[in-house]
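# Fold and contact review
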Amino acid sequence: MMRSSSPFQLLLFLLTMTASCLADEKVFPEQSRSWKDVDGREIQAVLRGVSGDEAILFKSGKEYFFPLSRLSAPDQSYVRDWVVKHSKVETEKVDDGKPPPLTDLELKAAPDVNIQLVEQTVLLLSNEIRKSQGINTLTGNQEISRIARAHSLDMGLRGFFAHNNPDGDDPTARARKAGFSGLISSPDGKSRPGLSENIGRVGRYASFQEIKRDGKMIRRRIRWHTEATMARQIVLGFMASVPHRANLLDPSKAYLGVGVHVHREHVFATQNFF
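First things first, this report covers the structure right here in the doc. (Residues numbered from 1 in each chain as written. Predicted model: local features only at pLDDT ≥ 70, side-chain atom pairs only at ≥ 80, totals over all residues. Heavy atoms only, no water.)

## Description of the overall build of the chain
Each helix and strand in the chain was counted, giving eight helices and ten strands. Counting the 274 residues in the chain, one finds 49% classified as buried. A total accessible area of about 14,000 Å² is found for the chain, and carbon and sulfur atoms account for 52% of it. (Helix = DSSP H or I, 4+ residues; strand = E, 2+ residues; numbered from the N terminus. Buried < 20%, exposed > 50% of the residue type's maximum accessible area, 1.4 Å probe, protein only. Areas by Shrake-Rupley, 256 points an atom, 1.4 Å probe, with all protein chains shown as cover.)

Given below as structure tokens:
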């Protein structure tokens, strides 16, 4: 784990991100910069992405994987800002950056997604961030998770992306309809007015490459997200959004339910806090 308590730096350690498709340093001159390590050694290179706890630096036609912990403090800050800027996670934004749709054949070839593992990883990463800030961790609650799953499923099936469903129900109203017992008697005896919520949507795949023959696209080579990278993308999106980050770091909350639903090329995620 990284020593800094910054949530963004913690996410950099946890995040496995697809390298950008940069051709060379001349194509993106604004990303070609001087990099220094903690010993003051310097190189000129382009940042292509982040993989695990390493920055991917491109120089003279080759990629170099450099540990983030060995970069100077300004360079670590640059990488952190780059990740946030290039994140493709949607958090209540206009639906103009969604991934291109997949065909039925592509979806048939897609690997199965272990939804439970994605949900567990989102809970784990959320608590790691809270711990790094000295905030109480959240207890997973299956009753709340069922409410969150129902909302993610509803968003996928009815084609909306919002906290209020088409019937006008907000998170607390949905919890009340589901008979959530915490609204009557909280598990820890503390009175709470209702549920707060984060929603996110990420692509099912990390990238794709078009395979062409005689100038015509014959198929696409798809790089699928794993359950771990799905969860990391979801949490990164929450941390990059001011209201979602506030919910995730709210010290008054004690319980969390996570619900994930996969609908074609989309992965819908709901966090309900109580």
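There is more to say, and it comes next.
## Quick notes on helix α5 (residues 142–158)
The terminal C-alpha atoms of α5 lie 24 Å apart, and with 17 residues this matches the ideal 24 Å at 1.5 Å per residue to within 8%. If you check which residues of α5 are buried, you get I144, S145, I147, A148, H151, S152, D154, M155 and G156. For α5, the elements touching its buried residues are α6 (171–177), β6 (196–203), β9 (255–263) and β10 (266–273). Where α5 begins, the side chain of N141 points an oxygen toward the backbone nitrogen of E143, at a separation of 2.9 Å. Following α5 by one or two positions, G159 adopts a phi angle in the positive range, close to 70 degrees. (Expected span 1.5 Å × (residues − 1). Contact = heavy atoms within 4.5 Å. Polar contact = N/O pair within 3.5 Å; in protein donor to acceptor, adjacent residues only side chain to side chain.)

## Comments concerning helix α4 (residues 115–132)
Across its 18 residues, α4 extends 26 Å between first and last C-alpha, which sits within 8% of the 26 Å expected from 1.5 Å per residue. Those residues of α4 lying buried are V118, E119, T121, V122, L125, S126, N127, E128, I129, R130 and S132. Where α4 begins, the side chain of N114 points an oxygen toward the backbone nitrogen of Q116, at a separation of 3.2 Å. Backbone geometry just after α4 places G134 at a positive phi near 70 degrees.

## Here's the deal with the nonpolar core
Counting residues in each nonpolar core, the largest one holds 22 residues, and the members touching the most others are V118, V122, I234 and L248. At the level of elements, α4, α7 (227–239), β9 and β10 are the ones that each hand at least two residues to this core. Leave out the neighbours within four places in its chain, and I234 touches V118, V122, V202 and A269. Core analysis: the next-biggest nonpolar cluster, separate from the first, contains nine residues, A45, L47, L57 and W82 among them. (Core = buried A, V, L, I, M, F, W, Y, C linked by side-chain atoms within 4.5 Å.)

## Quick notes on the packing of α4 against α7
Closest axis-to-axis distance for the α4/α7 pair is 9 Å, and the angle between their directions is 45 degrees. Here α4 lies oblique to α7, going by the angle between them. The handedness of the crossing between α4 and α7 comes out as right-handed. Taking contact as the criterion, the partners of L117, V118, T121, V122, L125, S126 and I129 in α4 are, on α7, E227, M230, A231, R232, I234, V235 and M239. A class-by-class count of the residues in the contact of α4 with α7 yields ten nonpolar, two polar and two charged. (Axes fitted to C-alpha atoms, helices over the stretch in contact; angles between N-to-C directions. Parallel < 35°, antiparallel > 145°, perpendicular 65-115°, else oblique. Left-handed = near helix turned anticlockwise from the far one by under 90°. Nonpolar A, V, L, I, M, F, W, Y, C, P; charged D, E, K, R; others polar.)

## Remarks on the pairing of strand β3 (residues 54–59)
Where β3 lies against strand β4 (residues 62–67), six bridges are found, and the strand directions are antiparallel. When the sheet's bridge partners are listed, F58 is paired in β4 with E63. Following β3, the chain reverses through two residues before pairing antiparallel with β4; S60 in that reversal takes a positive phi of roughly 55 degrees. (Pairing = 2+ DSSP bridges.)

## What about the pattern of salt bridges?
Within this structure, the stated rule accounts for 13 salt bridges. A salt bridge links D37 to R41, with the nearest nitrogen and oxygen atoms 2.7 Å apart. Note that R192 and D188 form a salt bridge whose closest N and O atoms lie 2.9 Å from each other. D188 sits in the partly exposed class, given a relative accessible area of 32%. Salt bridges sharing partners connect three or more residues here, namely D37, D39, R41 and R70. (Salt bridge = Lys/Arg side-chain N within 4 Å of Asp/Glu carboxyl O.)

## Some words on the side chain of S145
Its place among the elements puts S145 in helix α5. In this structure S145 touches L256, G257, V258 and G259, once residues within four positions along its chain are discounted.

## Re the environment of L256
Along the chain, L256 falls in strand β9. Overall, the relative accessible area of 1% leaves L256 in the buried class. L256 sits 115 residues away from N141 along the chain, and the two C-alpha atoms are 5.9 Å apart. Once residues lying within four places of it in the same chain are set aside, the contact partners of L256 are L123, S126, L138, T139, G140, N141, S145, Q271, N272 and F273.

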